[in-house]
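# A structural walkthrough
Chain by chain, the residues run as shown.
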Amino acid sequence: QAEDGIRDYKVTGVQTCALPICDLYRLPTEAEWEWACRAGREGVAITDWEELDREAWIEGNSAGVVRNRGLKLPNPFRLNDMLGNVQEWCLDNFHPSFFAGNTDADPVFIDPLAINEDVYFKDGHVLRGGAVIFGKSICSFPFKMHRERFSSSWFTGFRVVRPVPREVLDRLLLDPDSQVNTESN
């Protein structure tokens, strides 16, 4: 175990993935993934090639090779490899018609966590972040792809999140300056 509380695990077909030691994990939703990837940055993408090169393994600087985590600089939230390296599974179901006809006047609402046989993984799950074989236009904040169920690739991976317990969120919302101890929650 590393000092930062992260362990590397071997997973079939994947070099390593980082799992902090705790009780409950899941894939991030698309919204969580994009918020973490943007890390407070605005716009569609990192437009400065030198900044993107410092942060992401993509076509043009990777030689098409997936690297171990943390070899590039982290984003402003101190998260490594959010863009490039491997595209990442999100919990959200992929809906091919989601963007067709989805407007502010007539929004389409889809529960990303819907788990039933009619919806769950029917059309695959969303992938975000791009990968070592994609250029900078695909390795951008909003770009998404999807994969069908039971599919895999050498440039697809995942990261997990640990949801914050509701009682901790409630305490933070009531008193944003409070020092909540999340270790015991």
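Preceding this paragraph is the structure being described.
The notes below deal with the structure included here.

What counts as what
- Residues numbered from 1 in each chain as written.
- Predicted model: local features only at pLDDT ≥ 70, side-chain atom pairs only at ≥ 80, totals over all residues.
- Heavy atoms only, no water.
- Pairing = 2+ DSSP bridges.
- Helix = DSSP H or I, 4+ residues; strand = E, 2+ residues; numbered from the N terminus.
- Core = buried A, V, L, I, M, F, W, Y, C linked by side-chain atoms within 4.5 Å.
- Buried < 20%, exposed > 50% of the residue type's maximum accessible area, 1.4 Å probe, protein only.
- Contact = heavy atoms within 4.5 Å.
- Polar contact = N/O pair within 3.5 Å; in protein donor to acceptor, adjacent residues only side chain to side chain.

In this section: the sheet that holds strand S3 (residues 87–93). Read across the open sheet, the four strands follow the order S5-S4-S3-S6; overall the sheet is mixed. Since the sheet does not close on itself, it has two edges, and those belong to strand S5 (144–147) and strand S6 (156–157), each with one partner. As defined by bridge partners, S3 adjoins strand S4 (residues 125–128) across three bridges and the pair is classed as antiparallel. Bridge pairing in S4 links tryptophan 89 to leucine 127.

Take the nonpolar core next. Core analysis: the biggest nonpolar cluster contains 18 residues, and Trp33, Cys37, Leu52, Leu83 and Phe134 have the highest contact counts within it. Discounting residues that sit within four places of it in the chain, phenylalanine 134 has contacts with Ile58, Glu59, Gln87, Cys139, Met145 and Phe155.

Moving on, we come to the environment of aspartate 81. If you trace the backbone, aspartate 81 turns up in the loop between helix H2 (49–55) and S3. Placed 11 residues apart in sequence, aspartate 81 and glycine 70 show a C-alpha to C-alpha distance of 6.9 Å. Ignoring anything within four residues of it in the chain, the contact list for aspartate 81 reads Trp57, Asn68, Arg69, Gly70, Glu88 and Arg159. Of note is the side chain of aspartate 81, whose polar atom sits 3.1 Å from the backbone nitrogen of glycine 70.

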